[in-house]
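A closer look at the structure
Given next are the chains, with one letter for each unit.
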Amino acid sequence: MTGRRVEAPSLSCSDPTARELVSAAFEAISARYVLARHQIAAALLDADGGIHLGLHVDAMVGRAAVCAEAGALSAARLATGAQLLVVAAVRYPKPSEPPLARIVPPCGLCRELLLDHGPGLHAVIADGGQGVLVPVTGLLPHKYVGTKWPPVS
């Protein structure tokens, strides 16, 4: 949407699944980026091979903002009850930044939310300039475990 050429981060992924999800998230945010409104898109893969997209929706009141991963999770749950496997998120650069989109990990709130609905979920993160798959449990080693509902397997 900005008219400038932004470099995609998917080439940094040697894993084909990571590359596919990062590419899907990059395409989504490239098409929908709006300064101060939409800066991140996420792609979530389910066990049936479906890819579900979510878009970061910012708000004047920060607490009202919705993360891209939450949007992708909601889209996935609307489409299927299949197990969730991998999530990737891509941040589009602001006009004042170098034209390089980058892979970003889920925030702490999203880590909690994603693990509530996909305990075996992996995330694509940038590690040493490479997009790699890691268990979300490794990003959140001391997850809160409540008793509101039975654990998802």
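Heads up: these notes are all about the structure in this document. Quick caveat: nothing in here was measured; it's all calculated off a predicted structure.

1. What about unusual backbone geometry?
- Of note, the phi angle at Ala 36 is positive, near 70°, even though the residue is not glycine.
- Tracing the sequence through the fold places Ala 36 in the loop between helix 1 (16-32) and strand 1 (40-46).

2. Things to note about the environment of Val 145
- Tracing the backbone through its elements, the reader meets Val 145 in the segment after helix 4 (136-139).
- For Val 145 and Asp 116, which are 29 residues apart along the polypeptide, the C-alpha to C-alpha distance reads 8.6 Å.

3. Focus on the pattern of salt bridges
- The final tally for this structure, using the stated rule, is 3 salt bridges.
- The partner of Arg 91 in a salt bridge is Glu 97, with the nearest N and O atoms 2.9 Å apart.
- Between Lys 143 and Asp 116 there is a salt bridge, with the nearest N and O atoms lying 2.7 Å from each other. Here Asp 116 lies in helix 3 (residues 108-117) and Lys 143 lies in the segment after helix 4, a separation of 27 residues in the sequence.

4. Here we look at the packing of helix 2 (residues 68-79) against helix 3
- Viewed as axis vectors pointing N to C, helix 2 and helix 3 meet at an angle of 20°, and their least axial separation amounts to 10 Å. Taken together, helix 2 and helix 3 sit at an angle that is classed as roughly parallel. Of the two elements, helix 2 crosses helix 3, and the hand of that crossing is left-handed. Of helix 3, the residues touching helix 2 (which contributes Glu 69, Ala 70, Leu 73 and Arg 77) are Cys 110, Leu 113, Leu 114 and His 117.
- When the residues that make up the contact of helix 2 with helix 3 are grouped by side-chain class, the tally is 5 nonpolar, 1 polar and 2 charged.

5. Quick look at the nonpolar core
- Within the largest apolar cluster, 21 residues are counted, with the highest numbers of intra-cluster contacts made by Cys 13, Leu 21, Val 22, Ile 29, Val 90 and Val 124.
- In terms of residues, this core owes the most to one element, helix 1, which gives 8 residues.
- Apart from the residues within four sequence positions on either side, Leu 21 is in contact with Ala 43, Leu 44, Leu 45, Ile 51, Val 86, Val 87 and Ala 88.
- By size, the runner-up hydrophobic cluster in this structure holds 18 residues, among which are Ala 42, Leu 84, Val 87 and Leu 121.

6. Considerations on helix 1
- Given a rise of 1.5 Å per residue, 17 residues ought to cover 24 Å, and the 24 Å separating the end C-alpha atoms of helix 1 matches this to within 8%.
- Structurally, helix 1 contributes buried residues whose contacts are with strand 1, strand 2 (51-55), strand 3 (84-91), strand 4 (102-104), strand 5 (122-127) and strand 6 (130-135).
- Capping of helix 1 at its N-terminal end is provided by Asp 15; its side-chain oxygen lies 2.9 Å from the backbone amide nitrogen of Thr 17.

7. A short note on the pairing of strand 3
- Counting buried positions along strand 3 gives 7 out of 8 residues, so the element sits mostly inside the fold.
- Taken together, the 7 bridges between strand 1 and strand 3 define a ladder with antiparallel strand orientation. In the sheet register, Ile 40 faces strand 3, and the bridge partner there is Arg 91.
- Here strand 3 runs beside strand 5; their pairing, made up of 2 bridges, is parallel. Within strand 5, the residue paired with Val 86 across the bridge is His 122.
- Of the pairings in the sheet, the one linking strand 3 to strand 4 comprises 3 bridges and is antiparallel in character. In the strand pairing of strand 4, Ala 89 is matched with Val 104.

Conventions and cut-offs
- Residues numbered from 1 in each chain as written.
- Predicted model: local features only at pLDDT ≥ 70, side-chain atom pairs only at ≥ 80, totals over all residues.
- Heavy atoms only, no water.
- Helix = DSSP H or I, 4+ residues; strand = E, 2+ residues; numbered from the N terminus.
- Salt bridge = Lys/Arg side-chain N within 4 Å of Asp/Glu carboxyl O.
- Axes fitted to C-alpha atoms, helices over the stretch in contact; angles between N-to-C directions.
- Parallel < 35°, antiparallel > 145°, perpendicular 65-115°, else oblique.
- Left-handed = near helix turned anticlockwise from the far one by under 90°.
- Contact = heavy atoms within 4.5 Å.
- Nonpolar A, V, L, I, M, F, W, Y, C, P; charged D, E, K, R; others polar.
- Core = buried A, V, L, I, M, F, W, Y, C linked by side-chain atoms within 4.5 Å.
- Buried < 20%, exposed > 50% of the residue type's maximum accessible area, 1.4 Å probe, protein only.
- Expected span 1.5 Å × (residues − 1).
- Polar contact = N/O pair within 3.5 Å; in protein donor to acceptor, adjacent residues only side chain to side chain.
- Pairing = 2+ DSSP bridges.

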